[in-house]
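For reference, the chains in residue letters:
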Amino acid sequence: MKIAVVYWSSTGNTESMAQAVAEGAKKAGAETELFTATEFGGDKMDGFDAVAFGCPAMGAEELEDTEFAPMFEGCEGKLSGKKIALFGSYGWGDGEWMRTWEETCQSKGANLVCDSVICQETPDEDALDACRKLGEALV
Ligand SMILES: Cc1cc2nc3c(=O)[nH]c(=O)nc-3n(C[C@H](O)[C@H](O)[C@H](O)COP(=O)(O)O)c2cc1C
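Residues numbered from 1 in each chain as written. Predicted model: local features only at pLDDT ≥ 70, side-chain atom pairs only at ≥ 80, totals over all residues. Heavy atoms only, no water.

Caption draft 1: Representation of the site of the ligand within the structure. Every one of the 18 residues lining the ligand counts as a neighbour, but Ser9, Ser10, Thr11, Ala57 and Ser89 are closest to it. With respect to the ligand, the backbone of Ser10 contributes an N or O atom lying 2.7 Å from an oxygen atom. Within the backbone of Gly12, an N or O atom sits 3.1 Å from an oxygen atom of the ligand. At the level of elements, α1 (13-27) and β4 (83-90) are the ones that each hand at least two residues to the shell around the ligand. Considered class by class, the residues forming the shell around the ligand number six nonpolar, 10 polar and two charged. (Near = heavy atom within 4 Å. Polar contact = N/O pair within 3.5 Å; in protein donor to acceptor, adjacent residues only side chain to side chain. Helix = DSSP H or I, 4+ residues; strand = E, 2+ residues; numbered from the N terminus. Nonpolar A, V, L, I, M, F, W, Y, C, P; charged D, E, K, R; others polar.)

So this is what it looks like as structure tokens:
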């Protein structure tokens, strides 16, 4: 079982979440690799049984648009039937960016294996625990 955890983070919040997701997946026995957005792409999707994607709310309730969104668009054609989970940090919004992102994944046929994990700004221990569980759910 191979799992990729792919994230973008500017101030480290989503990065902390990604590390907890990877920790959970490893603990559940999966071979787990952590990638930043620029290190991943659609060509890598076939090499993993499941992928966790993490991106904070940026723009106006959007995915980060210079690195993460183009990378993710490149993965969309490979989402069908794939075990996927989403996570990310936000600031002042109500999580709209994550709902939109979930809809995109569903429209591409992704198998969203668990509820997405979102947290406001820096993840607290509860949020990190939810991230570890998300990692476990992918295995
Ligand atoms: C340019 C920019 C745009 C943002 N847009 C939103 C937004 O639309 N909604 C929201 O809830 N938070 C927004 N935020 C807040 C970030 O999502 C929040 O600070 C998050 O914790 C950053 O995660 P990171 O540390 O992984 O980069 C924005 C932050 C920046 C810098």
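Caption draft 2: Broad picture of the side chain of Glu64. Topologically, Glu64 is positioned in the loop between β3 (50-54) and α2 (68-75). For Glu64, which is buried and forms no salt bridge, the nearest opposite charge comes from Lys44, at a distance of 17 Å. In terms of polar contacts, Glu64 uses its side chain to reach the side chain of Thr66, at 2.6 Å. At 2.8 Å, the side chain of Glu64 forms a polar contact with the backbone nitrogen of Glu67. If we ignore the near neighbours within four places in the chain, the residues touching Glu64 are Trp8, Cys55, Pro56, Met58, Ala69 and Pro70. (Buried < 20%, exposed > 50% of the residue type's maximum accessible area, 1.4 Å probe, protein only. Lys, Arg positive; Asp, Glu negative; His and termini not counted. Salt bridge = Lys/Arg side-chain N within 4 Å of Asp/Glu carboxyl O. Contact = heavy atoms within 4.5 Å.)

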